[in-house]
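Structure at a glance
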Amino acid sequence: MKALKLLAQPAKLMRRGAGGIDPTGSRLVFASLDGDQEERGAKILESFLGCPVEPLRTRTSSSNPAAGLIVDCQTANNFSDLGALLHVAVRKTAIRRGGRLLVLGAVVDGKNASVDEAIIPEACEGFIRSLAKEVGSNGVTANLLLSHSQSSGAADVVLSSVLPSARFLLSGEAAFITGQRVDVDTALFQEHPTGLSGQRCVVTGAARGIGRATAAALAEQGCGDLLLVSLKKKKWSSRPSTH
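Residues numbered from 1 in each chain as written. Predicted model: local features only at pLDDT ≥ 70, side-chain atom pairs only at ≥ 80, totals over all residues. Heavy atoms only, no water.

A closer look at helix α6 (residues 163–170)
The condition that has to hold: Remark: exposure states derive from per-residue accessible area (1.4 Å probe, protein chains only) relative to the maximum for the residue type, with buried under 20%, exposed over 50%, and partly exposed in between. Secondary structure elements are defined from DSSP: runs of H or I of at least 4 residues count as helices, runs of E of at least 2 residues count as strands, and each element is numbered from the N terminus. The directions considered for the arc are those from the helix axis to the C-beta atoms.
Inspection of α6 places L163, A166, L169 and L170 among the buried residues, and these make up the whole buried set. For α6, the angular spread of buried residues about the axis comes to 125°, placing them on one side.

Things to note about the pattern of salt bridges
So the rule is basically this: Criterion for a salt bridge: a side-chain nitrogen of Lys or Arg within 4 Å of a carboxyl oxygen of Asp or Glu.
Scanning the entire structure with this criterion turns up 7 salt bridges. Among the salt bridges present, the one from R57 reaches E38, with a minimum N-O distance of 2.8 Å. Of this pair, R57 sits in the loop between β2 (53–55) and β3 (66–72) while E38 sits in helix α2 (residues 35–49); the two residues are 19 residues apart in sequence, bridging distant segments of the chain. Owing to a relative accessible area of 47%, R57 belongs among the partly exposed residues under this scheme. Residue E38 is classed as buried on the basis of its relative accessible area of 1%. The partner of D183 in a salt bridge is R181, with the nearest N and O atoms 3.2 Å apart. By sharing partners, the salt bridges in this structure join E122, E125, R129, R181 and D183 into a single network.

Describing the environment of D183
This is how it is decided: Two residues form a contact once any of their heavy atoms are found within 4.5 Å. Two N or O atoms count as a polar contact when they lie within 3.5 Å, although within protein this holds only if one can serve as hydrogen donor and the other as acceptor, and sequence-adjacent residues are included solely when both atoms are side-chain atoms.
Position of D183 relative to the elements: it lies in strand β6 (residues 181–185). Once the C-alpha coordinates of D183 and H148 are considered, the two residues, 35 residues apart in sequence, prove to be 7.0 Å apart. Among all residues touching D183, those that are not within four sequence positions of it are L146 and H148. For D183, the side chain forms a polar contact with the side chain of H148, separated by 2.5 Å.

As for the packing of α2 against α6
Our working rule: Angles run from 0 to 180 degrees between N-to-C directions of axes, and those axes are lines fitted to C-alpha atoms, restricted for helices to the stretch in contact. Angle categories are assigned with fixed cut-offs, so that under 35 degrees is roughly parallel, over 145 is roughly antiparallel, 65 to 115 is roughly perpendicular, and the rest are oblique. Following the grouping adopted for this structure description, the nonpolar residues are Ala, Val, Leu, Ile, Met, Phe, Trp, Tyr, Cys and Pro, the charged ones are Asp, Glu, Lys and Arg, and the polar ones are all others, Gly among them.
Here α2 crosses α6 at 70°, and the two axes come no closer than 11 Å. Taken together, α2 and α6 sit at an angle that is classed as roughly perpendicular. Residues I44, L45, F48 and L49 of α2 form the contact with α6, whose participating residues are L163, P164, R167 and L170. Classifying every residue of the contact of α2 with α6 by side-chain character gives 7 nonpolar, no polar and 1 charged.

Printed below as a string of structure tokens:
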């Protein structure tokens, strides 16, 4: 009996259908260097995610633990600003067990990037990998979401381009994804701003297991038409999504 008491007690993960951030009752916190951008960003996220999102500046020491923290580092022009933002955001926001921590950044591709613009994303990646180890014991995930563009753009535009990816990393489906850097092409979002709506997807092995779960998830996300392939029968079947 004594040996059993010494065994590690892992934190309960916020998985899909088990108290994840998907329910509308979850509350998130959004942090940014720019006060106006923090207010606008919180409203954009709240509208897209369908759950309450409050600016970091409105939180007090008596605020309840948040389901997740989103830190927008787009406007950080140097390491001092970046370090101050990340330190204040993480220290001021108590994240509940099994919560989410997501850092947003922007990568300017090509010769248009300044020295700081080229280095800051790498610094964010190192920070996230280190932080993921610290918060992992509480079942909290920490990831970096970077938007790629050819030139520096408006913060609101960059934020809007990563919303679908942010929703996934904040959801219960991403309970086992942590310490990762995820790169998003802004141009791709502009070509398909509605996500899977009206798109055609092909799923192999959809009769059971992972293939079946993948097909169901695509339908839930609004996929317009699913092509299901059964390798055993070597026969194609197509059905329109009911969502």
